[in-house]
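# Analysis of the macromolecular model
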Amino acid sequence: MALVGCKMGGLAAATLAIMAIGCTEQPGAPATPQPEITEIETGTVDADTWPSLATPPLDPAIEARVDDIISRMTLEQKVGQVIQADSNSVTPEQVKAYRLGSVLSGGNSAPGPLPYADTEGWLEAADAFFAASLNPEGVEIAIPIIWGIDAVHGHTNLLGATVFPHNIGLGAANNPDLIEEIARITALELSVSGHDWTFAPTLAVPQNDRWGRTYEGFSEDPAIVASYGDRIVYGLQGVAGTDDFMGTGRVISSAKHFLGDGGTTDGIDQGDTEVSEAALRDIHGAGYVTAVEAGVQTVMASFSAWNGQRMHGHKELLTDVLKDQMNFHGFVIGDWNGHGLIEGCTATDCPQSLNAGLDMYMAPDSWEGLWHSTLAHVQSGTIPMKRLDDAVRRILRVKVASGVFEAVLPSERPLAGNLSLLAAPEHRAVARQAVRESLVLLKNEGQVLPLPPSATVLVVGDGADDISKVAGGWTLSWQGGGYPNDQFPNGQTILSAIEEVVGPAGGEVIYAAHGETDIDADVVVAIYGEDPYAEFQGDRSNVDFVPNGFDPQTLTSFQEQGTPVVSVFVSGRPLWTNPELNVSDAFIAAWLPGSEGGGIADMLFRTDDSYDFTGRLSFSWPKTAAQAELNPTDANYDPLFPLGFGLSYADDVELGALSTESGLDAGATAEGGPLFARGTLAESVTLAADGESIDLLPYENEALTVRRVDHQAQEDSLSVVFSAPSALTFVSGAPMDLARQSNGGMELAMTARVLGPEVPLSIGMGCADHTDASCSGSVPVTLDDQWAETRISLSCFAERGAPMAAIETILTVSGTTGQELQIAEITYKSDIDATQDCGDVRG
């Protein structure tokens, strides 16, 4: 057994739980003083315990210019400056009329019919908004807008741009020089489409891998995050105080999400981070120290709360700590209607947030109502003029420093429309390097890797020929996934990259996505893993990997034949994969590598003798599916692979057979959560319209349209518009036995509303064919136009003939022409109405 080198990010190497493997500290690994974890404090923040930072000094010339601008602004202009609208919910004419300070494009907001656009489309829209903001009609001085977008792993809403690995992989690379170069390239490609501002870097330090945004974090180790914070800012903005700062090819950056977004209880997105102030400061605040010192121009407030208080309204942290103690001179931007989560606020009315220290509301679709209410609050004194002026000063300070006041139309700026910059060869080379360095080799029994390129290689798995899957969320659209490879004109699939290596060497590549072949091969390479997701739609109840488009157990047959199996596992977090490890001779944690499949082929075949696996885990790998919260600071830290673990080609380690006991309670593995909640279907549930499977939203046929809409968060609900009598069905992947629930007084609970004709819907469940009255039962349900929870006893469906021991169509909703049904949640709950009239259910 050879020693395995552990390239640590700063935490002491833990002992590998399954065997005695020695770990050696790698050169250059930063030391991380771990915070003393104490009981949760409540009450005020001790701002003096937070670091006082030597941030770039204010420029007197800029301050004087800001003074002059403010002196010539109307009150209405000032209010407009503190509001940002989404490009899909505002027109250029409205930007001019309300003098808005900024426009953003959310993950699904692009000019044209798609959630992404080409360069020409972006520039045309950018010109229209920018010109409108500079229209001088009715004002003494016009203020240019800045346009922001989430370019979180490259400018991935721009067709043809470079798609880099997601942050979780870049954390495994542990290479600050590389991360700065990636940021520099991203800024260049943003300049091609006329954007001024990216909402990056994400400086979360995820502590619970159930969180749907885990892959947006670089590491659970604050030292790795801190080592990246300043370098990304330099790459995007340039170095403050130099001629390069905010020059050509540079964009404004935004450190996010301040503060504690990666520490919420149970990993719930937008949840509550219940930790001590020391942990909040030393773990979750680590990346902000370096980013703010580097002169980051904006900081985004977090959706989450700290010990019950929402960050969008946390004056002590936004003002006393960030602005006063840490000397942050830029402005604080909100997150998508995040101010509306504050107690007593709505998305269109929230003076509390501005008073707490938010400087610009992100009010994508609520901006108009918010403008009017904010103006009224300033006029009444609820928002002091001094606070409004400070917010406007901070915004103008960033705008002046960025050079936007001197800028011409976006399409006329240097680099605008320069298609040769999109995925330029040198950009793709950096992305390919990032893929190589991010891969973590977890198993290599018999030293199967590297593979000889002259071999006959059988490639299987649904990720082999699908860039969209392996790129993950925030790729072409908010949730990502489902896009054909031709929508990545400058990308390469892993399959293509393997063929590019094997063919010239005299080998042969056989591709069978599901492993359905009898052809003999020298080795099997399987590429599979999680399907894409983003934000709360990726929240999970545990960290068990649930196979989706490919069944890894089919690999057993190849092993039994003596054919080595190499698994390339794609995921946005470490997952319990003991069964997959057992059927693999070699196993690579590939994270979400993006569009450069060549980086994976490079490491499978070692296409250059200088290459070796240098990626090391920036997140601990679980031994059971219940180990969602798994960090070296835990008292009972017991991972399968510890933080910092990773093999090199030469390491000769026998892993042996791993336990396939998941560690989950038997009840926990059953479908016990919501069928639909927070925009996400349960893992075993799919949608169909009149019997036709719905694979991607929005969906439309002759009778109905299904799309996502906002209720309490972005795209957290479904909208079903019936243009003719028809039905939407929620289908289970396997028959569900609900007999016990039906007999035990359980109810189907649906949070919904109906717009349009006030006639009953028909809601039912039953066998696979929902139209078969012999094995389905339905109930008439009348809903009104206000959101409300409606409950239907499961016994009602049983009375009407639904086979409760084998339910396949778990919900059918039939509507009438002209109705729009909006659904926020569907779940099972304990019966609260034992005497319900099954023939007249009302919301």
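Residues numbered from 1 in each chain as written. Predicted model: local features only at pLDDT ≥ 70, side-chain atom pairs only at ≥ 80, totals over all residues. Heavy atoms only, no water.

## What about the overall build of the chain?
- Within the chain, the regular secondary structure consists of 22 helices and 32 strands.
- Here the C-alpha radius of gyration of the chain, 27 Å, is about what a compact globule of 843 residues would show, namely 28 Å.
- For the chain, with 843 residues in total, the buried portion stands at 61%.
- Pairs at least 24 residues apart make up 78% of the contacts formed inside the chain by residues separated by at least 6 positions.
- Counting only carbon and sulfur atoms, one obtains 49% of the accessible surface of the chain, whose full area is about 29,100 Å².
- On the chain, the mean spot of the 42 positive side-chain charges and the mean spot of the 115 negative ones are 8 Å from each other. (Helix = DSSP H or I, 4+ residues; strand = E, 2+ residues; numbered from the N terminus. Rg over C-alpha atoms; globule rule 2.2 N^0.38 Å. Buried < 20%, exposed > 50% of the residue type's maximum accessible area, 1.4 Å probe, protein only. Contact = heavy atoms within 4.5 Å. Areas by Shrake-Rupley, 256 points an atom, 1.4 Å probe, with all protein chains shown as cover. Lys, Arg positive; Asp, Glu negative; His and termini not counted. Charge placed at Lys NZ, Arg CZ, Asp CG, Glu CD.)

## Structural notes on the environment of Pro453
- Turning to its location among the elements, Pro453 is positioned in the loop between β12 (440-444) and β13 (456-460).
- For Pro453, a relative accessible area of 29% gives the class partly exposed.
- Residues Pro453 and Ala505 lie 52 residues apart in sequence; the distance between their C-alpha atoms is 5.8 Å.
- For Pro453, the residues in contact, after removing those within four places along its chain, are Val501, Val502, Ala505, Gly507 and Phe605.

## Considering the packing of aromatic side chains
- Counted under the stated rule, the structure contains 21 aromatic pairs.
- Ring geometry for Tyr528 and Phe545: centres 6.2 Å apart, planes at 35°, overall tilted. Here the residue Tyr528 occupies a position in strand β15 (residues 523-529), and Phe545 occupies one in the loop between β15 and α17 (555-560), the gap between them amounting to 17 residues. Each member of the pair, Tyr528 as well as Phe545, is classed as buried.
- Connected via pairs of aromatic rings, a cluster forms that spans Tyr528, Phe545, Phe550, Phe569, Phe587, Trp591 and Trp621.
- Lying across the ring of Phe130, Arg413 places its NZ or CZ 4.7 Å from the centre. (Phe/Tyr/Trp six-rings, centres within 6.5 Å; stacked < 30°, edge-to-face > 60°. Lys NZ or Arg CZ within 6 Å of the ring centre and 35° of its normal.)

## Remarks on the pattern of salt bridges
- Applying the stated criterion across every chain yields a total of 35 salt bridges.
- Across the salt bridge formed by Arg231 and Glu180, the nearest N and O atoms sit 2.6 Å from each other. Linking Arg231 in helix α7 (residues 222-237) with Glu180 in helix α6 (residues 176-192), this pair joins segments that are 51 residues apart in sequence.
- Where Glu799 meets Arg800, a salt bridge forms, and the shortest distance between an N and an O atom there is 3.9 Å.
- Since its relative accessible area comes to 58%, Glu799 is described here as exposed.
- The structure contains a network of salt bridges with shared partners spanning Lys323, Asp359, Arg387, Asp390 and Arg394. (Salt bridge = Lys/Arg side-chain N within 4 Å of Asp/Glu carboxyl O.)

## Some thoughts on the sheet that holds strand β8 (residues 305-306)
- Read from one edge to the other, the open sheet built from 3 strands follows the order β6-β8-β9, with strand pairing classed as mixed. Each edge of the open sheet carries a strand with a single partner, namely β6 (272-273) and β9 (309-310).
- Where β8 and β9 come together, 2 bridges link them in antiparallel fashion. When the bridges of β9 are listed, Ala305 appears paired with Arg310. (Pairing = 2+ DSSP bridges.)

## Some remarks on helix α10 (residues 315-325)
- Of all 11 residues that make up α10, 8 are buried, and the element is covered over most of its length.
- The complete set of buried residues in α10 reads Glu316, Leu317, Leu318, Thr319, Val321, Leu322, Lys323 and Gln325.

## Re the nonpolar core
- Counting residues in hydrophobic clusters, the biggest one holds 117 residues, and the most contacted among them are Ile83, Leu100, Phe258, Leu317, Tyr361 and Leu396.
- Apart from residues no more than four positions distant in its own chain, Leu396 is found in contact with Val66, Ile69, Ile70, Met73, Gln81, Ile143 and Phe405.
- Ranked by size, the runner-up nonpolar core spans 79 residues in total, among them Leu442, Ile527, Phe619 and Leu658. (Core = buried A, V, L, I, M, F, W, Y, C linked by side-chain atoms within 4.5 Å.)

## Section: the sheet that holds strand β1 (residues 83-86)
- A sheet is described by the order of its strands in space; here 8 strands give the open sequence β10-β7-β5-β4-β3-β2-β1-β11, paired in parallel fashion. Sheet topology places β10 (331-333) and β11 (361-362) at the edges, where each strand pairs with a single neighbour.
- Here strand β5 (residues 252-258) pairs with strand β7 (residues 298-301) via 3 bridges, running parallel. Of the residues in β7, the one forming a bridge with Ser254 is Thr298.
- Against the sheet, helix α9 (residues 286-293) makes contact with β5 and β7, and its axis sits at roughly 155° relative to β5, the strand it touches most.
- The strands touched by helix α12 (residues 367-380) are β1 and β11; relative to β1, the strand with the most contacts, the crossing angle is about 165°. (Axes fitted to C-alpha atoms, helices over the stretch in contact; angles between N-to-C directions.)

## A closer look at unusual backbone geometry
- Backbone torsion omega between Phe258 and Leu259 reads 10°, so that peptide bond is classified as cis.
- On the secondary structure map, Leu259 appears in the loop between β5 and β6.
- Note the cis peptide between Leu697 and Pro698, where omega equals 0°.
- With respect to the element layout, Pro698 can be found in the loop between β21 (692-694) and β22 (699-700).
- Despite not being glycine, Asn174 has its phi angle at roughly 50°, a positive value.
- With respect to the element layout, Asn174 can be found in the loop between α5 (167-173) and α6.

## Regarding the state of the cysteines
- For the structure on display, the rule yields 2 disulfides.
- One disulfide in the model links Cys345 with Cys350; its S-S distance is 2.2 Å. Residues Cys345 and Cys350 share a disulfide whose torsion about the S-S bond is about 65°; that sign makes it right-handed.
- In this model Cys767 forms its disulfide with Cys775; the gap between the sulfur atoms is 1.7 Å. (Disulfide = S-S within 2.5 Å.)

## Considerations on α6
- Its 17 residues place the ends of α6 25 Å apart at the C-alpha level, agreeing with the 24 Å of an ideal helix rising 1.5 Å per residue.
- α6 sits mainly inside the fold: 12 of its 17 residues count as buried.
- Taken together, the buried positions of α6 are occupied by Leu178, Ile179, Ile182, Ala183, Ile185, Thr186, Ala187, Leu188, Glu189, Leu190, Ser191 and Val192.
- Elements that come into contact with the buried residues of α6 comprise α4 (119-133), β3 (146-149), α5, β4 (197-198), α7 and α14 (425-438).
- The residue sitting at the N-terminus of α6 and contributing the capping side-chain oxygen is Asn175; that oxygen lies 3.2 Å from the backbone nitrogen of Asp177.
- Positive phi appears at Gly194, one or two residues downstream of α6, with a value of about 85°. (Expected span 1.5 Å × (residues − 1). Polar contact = N/O pair within 3.5 Å; in protein donor to acceptor, adjacent residues only side chain to side chain.)

## Let's talk about the pairing of strand β25 (residues 726-736)
- Pairing of strand β20 (residues 685-689) with β25 involves 5 bridges; the strand directions are antiparallel. When the sheet's bridge partners are listed, Val685 is paired in β25 with Ser732.
- Here β25 pairs with strand β30 (residues 807-815) via 7 bridges, running antiparallel. Bridge pairing in β30 links Ser726 to Gly815.

## Quick notes on the packing of helix α16 (residues 494-502) against helix α19 (residues 598-605)
- α19 packs onto α16 with a crossing angle of 45° between their chain directions and a minimal axis gap of 8 Å. When the axes of α16 and α19 are compared, the pair comes out oblique. Note on packing geometry: the crossing formed by α16 with α19 is right-handed. Two secondary-structure elements touch here, α16 through Ile494, Ala497, Ile498, Val501 and Val502 and α19 through Gly598, Ile600, Ala601, Leu604 and Phe605. (Parallel < 35°, antiparallel > 145°, perpendicular 65-115°, else oblique. Left-handed = near helix turned anticlockwise from the far one by under 90°.)

## Comments concerning the environment of Ala802
- With respect to the helices and strands, the residue Ala802 is situated in the loop between α22 (794-799) and β30.
- In this structure Ala802 comes out as buried when scored by relative accessible area, which is 7%.
- C-alpha separation for the pair Ala802 and Glu692, spaced 110 residues apart in sequence, amounts to 21 Å.
- Beyond its immediate sequence surroundings of up to four residues, Ala802 is in contact with Met765, Gly766, Cys775, Ser776, Gly777, Phe797 and Ile807.

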